2 protein chains.
Amino acid sequence: MPSSTQSDKRRTLTTSKIIEAALSIANTQGIEALSMRKLAAALNVTAMSIYNHVANKEDLLSLMLDNVVSDFELPDEDGPWKEMLRRRAHSMRQTFLRHPWAPTLLISTITNGAHTMRDANATLGCLINAGFSYAAADWARNAIDSHTFGYTMQELNFPVEPTEYRAAADHYLPEISKNDYPYLHGATKALINGDYDGVTQFDFGLGLILSGLAPDQAPDQR
Amino acid sequence: MPSSTQSDKRRTLTTSKIIEAALSIANTQGIEALSMRKLAAALNVTAMSIYNHVANKEDLLSLMLDNVVSDFELPDEDGPWKEMLRRRAHSMRQTFLRHPWAPTLLISTITNGAHTMRDANATLGCLINAGFSYAAADWARNAIDSHTFGYTMQELNFPVEPTEYRAAADHYLPEISKNDYPYLHGATKALINGDYDGVTQFDFGLGLILSGLAPDQAPDQR
DNA sequence: ACCTGAACACCGTTCAAGT
DNA sequence: ACCTGAACACCGTTCAAGT
């Protein structure tokens, strides 16, 4: 019997189909809903079939994360560095808003996928071409990424939705004793009455960092 | 039979004993090793006994996190704000280095424990007393915390231990193609040859933010 | 080479039962 | 009021067996 013409269940599953289905589950139902069994069910396959294409769940998550990183806007290595890095940071935030489960995993996972390495290379290249030393470029990128990860993760996990700030006032404020926590009480009230603009506030902190950075103010050149 | 003199197993378990044991497991064996069953075993008790003192695992984690926050250095509300906030940020980083599992959970958990609220109140108070508006104080604290969380989480999850930087050179460098990723290749080599000083690098980014902040440069006062 | 079913060693949590 | 054992509905992963 020739093995060339087989139209059974083989070869229906591919790594990219698995990643696509996994991303879909994580984005719509949350990362905690992503189990190997549920993923298999979504692909009309047994849980164990997946292990023919990925080593284990950790490997699957790495592949998913490199796919997310591919959405970052790649800095032009010869463009104006502040503008390039600002655009990359904003696109990272936007990407994380679309994949709320990603930053927590990205920060705690070793990802050496092609997209991740290309992003790191372009970001460093942009700074180095602007006159930063290797060490200074590394410190600058680290400061920017710290803000991007830290801000967006706080934003994503804030217990109250922006649209519900005013409604949250009546709910949370009584729990914040005006005597014990006067400043927190006042700040909460002020916060709730104000407008929330995530982009502007993100850009505020990013601007503080970018304003302070300069090629010659590096850490000790090495 | 009088119910007053009972020396059986009752009352041996307290919420604070549970938290203490849970912190010990998380700090020594990692947060993934903390299961209700293992925690119960460490306390010489059944898993279900724990549910008489905490609502569920999420509740337990919240209690653990408030305990961690109690290690943050509380800003003096009438002290010099830059110095106070710098000291608080550094103590947060040190606390996270002792509890590596904490920042990821802290950023994604609603904690309204007493220590958490006291920290927020003192931090905001320090800024407000320095002339910041409620809104400006909130933005300033957010920028500082973003850096503190983002930097420390990246630091904690960096795949290579500081002591193994040089050894990592021979291991990782061949995987970074010099043709495809020239800047990343060069930066990795430079990074490995340089010294790593986590405190100095953390303070670098923190300094950029603190230098840029000022009471009057707030977002639109409201 | 790829897919499968059964099994293993775990989870968090519910429930009814004890004292 | 507090502690327990058994059970439920899940996990990720191994393994031997199929094609």
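Residues numbered from 1 in each chain as written. Chains lettered and ligands numbered in written order. Predicted model: local features only at pLDDT ≥ 70, side-chain atom pairs only at ≥ 80, totals over all residues. Heavy atoms only, no water.

### Structural notes on the overall build of chain A
Then comes step 1: From N to C terminus, chain A includes ten helices and zero strands.
Then comes step 2: Counting from the amino terminus, helix and strand elements in chain A follow one another as α-α-α-α-α-α-α-α-α-α.
Then comes step 3: Along the first, second and third principal axes, the C-alpha set of chain A runs to 80 × 55 × 25 Å.
Then comes step 4: For chain A, buried positions account for 51% of its 222 residues.
Then comes step 5: Sequence separation of 24 or more characterises 73% of the internal contacts of chain A that already satisfy a separation of 6 or more.
Then comes step 6: Working note: accessible area of chain A is about 11100 Å², and carbon and sulfur atoms make up 50% of it.
Then comes step 7: Mean positive and mean negative side-chain charge positions of chain A (19 and 26 charges, respectively) differ by 6 Å. (Helix = DSSP H or I, 4+ residues; strand = E, 2+ residues; numbered from the N terminus. Buried < 20%, exposed > 50% of the residue type's maximum accessible area, 1.4 Å probe, protein only. Contact = heavy atoms within 4.5 Å. Areas by Shrake-Rupley, 256 points an atom, 1.4 Å probe, with all protein chains shown as cover. Lys, Arg positive; Asp, Glu negative; His and termini not counted. Charge placed at Lys NZ, Arg CZ, Asp CG, Glu CD.)

### Brief notes about the interface of chain B and chain A
Then comes step 1: With 53 residues of chain B at the interface, the matching set in chain A holds 53 residues.
Then comes step 2: Taken together, the two surfaces of chain B and chain A that pack against each other cover about 4800 Å², and 68% of this comes from carbon and sulfur.
Then comes step 3: On the chain B side of the interface with chain A, the three residues burying the most area are Trp 139, Tyr 183 and Phe 204 of chain B, jointly 15% of the side's total.
Then comes step 4: Viewed at the interface, chain A and chain B are joined by twelve residue pairs in polar contact (both at pLDDT 80 or more). (Buried area = accessible area lost by both parts, 1.4 Å probe. Polar contact = N/O pair within 3.5 Å; in protein donor to acceptor, adjacent residues only side chain to side chain.)

### Quick look at the environment of Ala 120 of chain A
Then comes step 1: Within the fold, Ala 120 of chain A resides in helix α6 (residues 114-129).
Then comes step 2: Taking relative accessible area as the criterion, Ala 120 of chain A reaches 9% and is therefore assigned buried.
Then comes step 3: Excluding anything up to four places from it in sequence, Ala 120 of chain A contacts Arg 141 of chain A together with Leu 184 of chain B.

### Regarding the relation of the copies chain B and chain A
The operation relating the pair of chain copies consists of a rotation about an axis and a translation along that axis.
Then comes step 1: Of the two same-sequence chains, chain B is brought onto chain A (RMSD 0.0 Å, axial shift 0.0 Å) by a rotation of 180°. The transformation relating the two chain copies, once decomposed into turn and shift, fits a two-fold axis. In terms of proximity to the rotation axis, the leading residue of chain B is Gly 150 of chain B, whose C-alpha is 2.0 Å off the axis.
Then comes step 2: By residue overlap, the copies meet face to face through one surface: 100% of the interface positions of chain B are interface positions in chain A. (Least-squares fit on C-alpha atoms with pLDDT ≥ 70 in both.)

### Looking at unusual backbone geometry
All names here are of chain A.
Then comes step 1: Here the phi dihedral of Asn 44 falls at roughly 55°; this positive angle occurs in a residue that is not glycine.
Then comes step 2: Here Asn 44 lies in the loop between α2 (36-42) and α3 (57-69).
Then comes step 3: The exposed category is assigned to Asn 44, whose relative accessible area is 61%.

### Examining the UniProt feature "domain: HTH tetR-type" (unreviewed entry) in chain A
Then comes step 1: When the UniProt feature table is mapped onto this chain, "domain: HTH tetR-type" (unreviewed entry) is found at residues 12-72 of chain A.
Then comes step 2: Structurally, residues 12-72 of chain A comprises 57% helix and 0% strand, and the distance from its first C-alpha atom to its last is 30 Å. (UniProt positions renumbered as here; feature names shortened; annotations may be inferred.)

### Concerning the nonpolar core
Then comes step 1: Counting residues in each nonpolar core, the largest one holds 66 residues, and the members touching the most others are Leu 39, Met 64 and Trp 101 of chain A together with Leu 39, Met 64 and Trp 101 of chain B.
Then comes step 2: The contact partners of Trp 101 of chain B, leaving out residues within four places of it in the chain, are Leu 23, Ala 26, Asn 27, Ile 31, Met 64, Leu 65 and Val 68 of chain B. (Core = buried A, V, L, I, M, F, W, Y, C linked by side-chain atoms within 4.5 Å.)

### Side note on the packing of aromatic side chains
Then comes step 1: Counted according to the given criterion, the structure contains ten aromatic pairs over all chains.
Then comes step 2: Where Trp 81 of chain B meets Phe 132 of chain B, the ring centres are 5.0 Å apart and the plane angle is 75°; that geometry is what we call edge-to-face. Here Trp 81 of chain B, found in helix α5 (residues 81-98), pairs with Phe 132 of chain B, found in the loop between α7 (114-129) and α8 (134-157); they are 51 residues apart in sequence, far enough to count as distant.
Then comes step 3: For Trp 81 of chain B, a relative accessible area of 14% puts it in the buried group.
Then comes step 4: Ring centres 5.3 Å apart and planes at 55° place the aromatic pair Tyr 151 of chain B and Phe 202 of chain B in the tilted group. On the criterion of sequence distance, the pair formed by Tyr 151 of chain B in helix α8 and Phe 202 of chain B in helix α11 (residues 198-212) is long-range, its members being 51 residues apart. Judged on exposure class, the residue Tyr 151 of chain B and its partner Phe 202 of chain B are both buried.
Then comes step 5: Grouped by ring-pair contacts, the aromatic residues Phe 72, Phe 96 and Phe 149 of chain A constitute a single cluster. (Phe/Tyr/Trp six-rings, centres within 6.5 Å; stacked < 30°, edge-to-face > 60°.)

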